[in-house]
Amino acid sequence: PSDPELYLATGPFIVDAWDAGQSVTLVKNESYTGDHSPEGIDTIVVRFIADANAQVTALQNEEVDIINPQASSDILTTLEGIDGIEVLTGPTGSYDHLDLNHDPAGVFGDAAVREAFLKTVPRNQIVDALIRTVDPEAGLLNSQIFFPGVDGYDEAAAVNGLDVFVDADIEGAKALLAGATPSVRLAYNKDNPNRLDAFLAIQASAAQAGITVVDGGLAADQWGGALTQPETWDAFIFGWSTVGAGVSGVPQLFRSDSDSNFGNFNSPEADALMDQLVRSVDPAEQVELQVQIDEILGQQFFGLPMYVLPGVFANSDRIAGIEYNTWQTGPIWNFWEWTVSE
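Presented here is an overview of the structure given in this document.

Here we look at the overall build of the chain
Consideration 1: Scanning the chain for helices and strands turns up 11 helices and 11 strands.
Consideration 2: Relative to the 2.2 N^0.38 estimate, which gives 20 Å for 342 residues, the radius of gyration of the chain is 22 Å and therefore close to what a compact globule would have.
Consideration 3: Expressed as lengths along the three principal axes of its C-alpha atoms, the size of the chain is roughly 70 × 45 × 40 Å.
Consideration 4: Within the chain, buried positions represent 47% of all 342 residues.
Consideration 5: Considering only intrachain contacts with a sequence separation of at least 6, the fraction spanning at least 24 residues in the chain is 67%.
Consideration 6: Looking at the chain as shown, the accessible area adds up to about 16500 Å², and 49% of this sits on carbon and sulfur atoms.

With respect to the pattern of salt bridges
Side chains carrying opposite charge are able to pair once their charged atoms draw close together.
Consideration 1: Under the criterion given, the structure shown has 9 salt bridges.
Consideration 2: Among the ionic pairs, Arg47 bridges to Glu63, the shortest N-O distance being 3.7 Å. Here Arg47 is found in strand S3 (residues 43-47), whereas its partner Glu63 is found in the loop between helix H1 (52-60) and strand S4 (66-67), with 16 residues between them in sequence.
Consideration 3: The exposure class of Arg47 is partly exposed, given its relative accessible area of 40%.

Description of the sheet that holds strand S9 (residues 303-316)
Consideration 1: The strand order across the open sheet formed by 6 strands is S4-S9-S5-S8-S6-S7, and the pairing between neighbours is mixed. Whereas interior strands pair on both sides, the edge strands pair on one side only; in this sheet they are S4 and strand S7 (212-218).

Rules of the game
Residues numbered from 1 in each chain as written. Predicted model: local features only at pLDDT ≥ 70, side-chain atom pairs only at ≥ 80, totals over all residues. Heavy atoms only, no water. Helix = DSSP H or I, 4+ residues; strand = E, 2+ residues; numbered from the N terminus. Rg over C-alpha atoms; globule rule 2.2 N^0.38 Å. Buried < 20%, exposed > 50% of the residue type's maximum accessible area, 1.4 Å probe, protein only. Contact = heavy atoms within 4.5 Å. Areas by Shrake-Rupley, 256 points an atom, 1.4 Å probe, with all protein chains shown as cover. Salt bridge = Lys/Arg side-chain N within 4 Å of Asp/Glu carboxyl O. Pairing = 2+ DSSP bridges.

This is the structure:
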């Protein structure tokens with residue numbers, strides 16, 4: 001609003017300017033009295049640069065001070081070769097997954113075709129090429145609901161059947177297809193290098209089993225909208241930014257009538273378990289119910305979780321106090337601890 005008195009803000013910054021699709025400018029909130037007011041920083045300009053290489057160039061050219069690009073071996077190698085910057089890496093709270101469209105009238109209305117397609121996905125090869133080059137200790141994500149290290153993950157991974165989808169099983173896929181040669185429209189963000197590479201790996205592998213994977217790549221500003229139009233895709237590679245689904249997130253993502261169940265997954269048995277889950281206040285029972293739901297998702301070939309995304313922060317040496325953090329807020333999470341030198 002034009003009248004600053006109408007600003008609704010209790011934090012240390014307020015929005016001063018907004019350039020749609022380009023940047024947002026935050027200025028110090030003079031009325032803030034909390035503990036998170038940074039010393040010597042009156043303005044923070046957050047720029048939106050979708051391309052990771054362009055972020056690196058902007059940092060190198062001193063157009064920005066801090067970047068949070070998508071991690072890849074090429075990006076990491078480039079950053080480590082630039083003088084005068086600090087590079088921080090670690091896991092993130094985000095993960096990529098491959099979801100299938102379960103519309104009974106679609107190509108994946110047949111469970112055998114779903115299973116056959118998933119058998120062609122070279123998950124381990126994809127993680128080797130995209131993730132382990134950044135994080136050598138990275139493993140496959142083997143649950144739709146839990147993150148590694150969280151209570152329930154090991155139990156779910158032991159029963160959901162995802163352990164058979166490690167390396168591509170072309171002969172197994174062929175046996176399930178029994179001579180059929182289905183065509184699959186695979187959608188993804190084509191401006192995301194990792195997802196483009198994952199698509200190409202899946203396309204090449206599936207072709208060996210007689211499955212034609214049609215390139216459904218979409219621009220960065222289009223793929224999100226396409227998720228809500230399942231009539232345009234049969235499979236979709238995208239990500240969730242959350243450390244596991246959580247109790248309330250399970251029905252949001254997987255319940256038959258949920259708006260976020262983009263692929264039309266429908267299981268009355270799973271729905272009944274989700275009804276119990278949201279009523280339960282017993283943490284042990286919640287984990288048990290989620291494990292059962294994860295097992296059903298695996299049995300019905302909902303799709304494949306792929307990997308937890310690695311993360312990277314990089315900043316110029318004129319900024320001190322940047323610390324790595326797993327969460328969605330990225331490097332800005334501890335701005336009150338930053339110091340700037342000229």
